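Each chain, letter by letter, is given below.
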Amino acid sequence: LTIGQLDSRLQLAPCARAEPCVPPGTRLWGRTQVGIRCTAGASWMVRLPVHVQVFGPAAVATQPLASGAILNASDFRVEEVELTREQTPLVGDPGTLAGKQLTRPIAPGQPVRTDAYRVPPTITPGDPVQIIVMGQGFTLSGTGVALVAASDGQVLRARTESGRVVSGTLRERTLELRL
């Protein structure tokens, strides 16, 4: 934490007691401000610049990685980085990146943000899918064709053999519909 200086030109009335305060909407992260309010003897409030730095472990690239690359844990190492430089959270465990696909390029030594990758689709439009409809006391199954790309756990739309379009959750290349 680095505390800045008040403007030396300020002419404040004497104060018997001052309290710190955080103005509404202020985030105590990176470069920000803390309010100081006089609560006895005068009526004023000033803002004091502060710089909050937080350091922690994060996955950083060991080599240049192109957008669209499928990641391996060996593409990263863990380093101590300043977490407050990023607006988006950083990935701490390189093992969680294995099999993910980059959505933007990453330079060597650059930390990986949680919005820099996605799970590559396991189903693409036109792929055949098994469709299972589950209700109270019954299960029906059939086949269909995927209309959109999706990964496990995501919503997939598919066209059944009869031409009806259904939506459900994709689990291991099977479209699950619960009634």
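Relevant structure appears above.
For the structure given in this document, a descriptive report is provided here.

Check the secondary structure of the chain and you find 0 helices and 13 strands. For the chain, the N- to C-terminal ordering of α and β elements is β-β-β-β-β-β-β-β-β-β-β-β-β. Rg of the C-alpha trace for the chain: 27 Å, well past the compact-globule value of 16 Å for 179 residues, more than 25% over. C-alpha extents for the chain along the principal axes are approximately 80 × 45 × 25 Å.

Glancing now at the state of the cysteines. All told, the structure shown has 1 disulfide when counted by the stated rule. Through a disulfide, Cys 15 is tied to Cys 38; the S-S separation comes to 2.2 Å. On the sign convention where negative means left-handed, the S-S torsion of about 105° between Cys 15 and Cys 38 marks this disulfide as right-handed. Of this pair, Cys 15 sits in the loop between strand E1 (2-3) and strand E2 (17-21) while Cys 38 sits in strand E3 (residues 30-40); the two residues are 23 residues apart in sequence, bridging distant segments of the chain. Cys 15 sits in the partly exposed class, given a relative accessible area of 29%. On the accessibility criterion, Cys 38 (7% relative accessible area) is buried. Between Cys 21, a free cysteine, and Cys 38, which holds the nearest cysteine sulfur, the sulfur-to-sulfur gap is 12 Å.

Moving on, we come to the sheet that holds strand E12 (residues 165-171). Sheets are built from strands that pair by backbone hydrogen bonding, the pairs being arranged parallel or antiparallel. Overall, mixed pairing links the 5 strands, which are arranged E9-E10-E11-E12-E13 in a closed barrel. In this sheet, neighbouring strand axes are inclined to one another by 50° on average, regardless of whether the strands run parallel or antiparallel. The pairing of strand E9 (residues 128-135) with strand E10 (residues 138-146) spans 8 bridges and is antiparallel. If you follow Met 134 over to E10, its bridge partner there is Thr 139.

Our focus in this paragraph is unusual backbone geometry. Within the chain, Glu 172 stands out as a residue other than glycine whose phi angle is a positive 50°. On the accessibility criterion, Glu 172 (68% relative accessible area) is exposed. Of note, Arg 173 is a non-glycine position whose phi angle comes to about 65°, a positive value. Mapped onto the secondary structure, Arg 173 falls in the loop between E12 and strand E13 (174-178).

In this structure, Thr 174 sits in strand E13. A residue is classified by how much of its surface remains accessible, and Thr 174, at 15% relative accessible area, is buried. The contacts of Thr 174, once residues within four sequence positions are left out, are Gln 130, Ile 132 and Thr 169.

Taking strand neighbours across the sheet as the criterion, the 4 strands line up as E1-E4-E3-E2 in an open arrangement whose pairing is antiparallel. The sheet is open, and its two edges are formed by E1 and E2, each paired on a single side. Direction of pairing for E3 relative to strand E4 (residues 45-52): antiparallel, over a ladder of 8 bridges. The residue bridging Gln 33 from the neighbouring strand is Pro 49, located in E4.

Conventions and cut-offs
Residues numbered from 1 in each chain as written. Predicted model: local features only at pLDDT ≥ 70, side-chain atom pairs only at ≥ 80, totals over all residues. Heavy atoms only, no water. Helix = DSSP H or I, 4+ residues; strand = E, 2+ residues; numbered from the N terminus. Rg over C-alpha atoms; globule rule 2.2 N^0.38 Å. Disulfide = S-S within 2.5 Å. Buried < 20%, exposed > 50% of the residue type's maximum accessible area, 1.4 Å probe, protein only. Pairing = 2+ DSSP bridges. Axes fitted to C-alpha atoms, helices over the stretch in contact; angles between N-to-C directions. Contact = heavy atoms within 4.5 Å.

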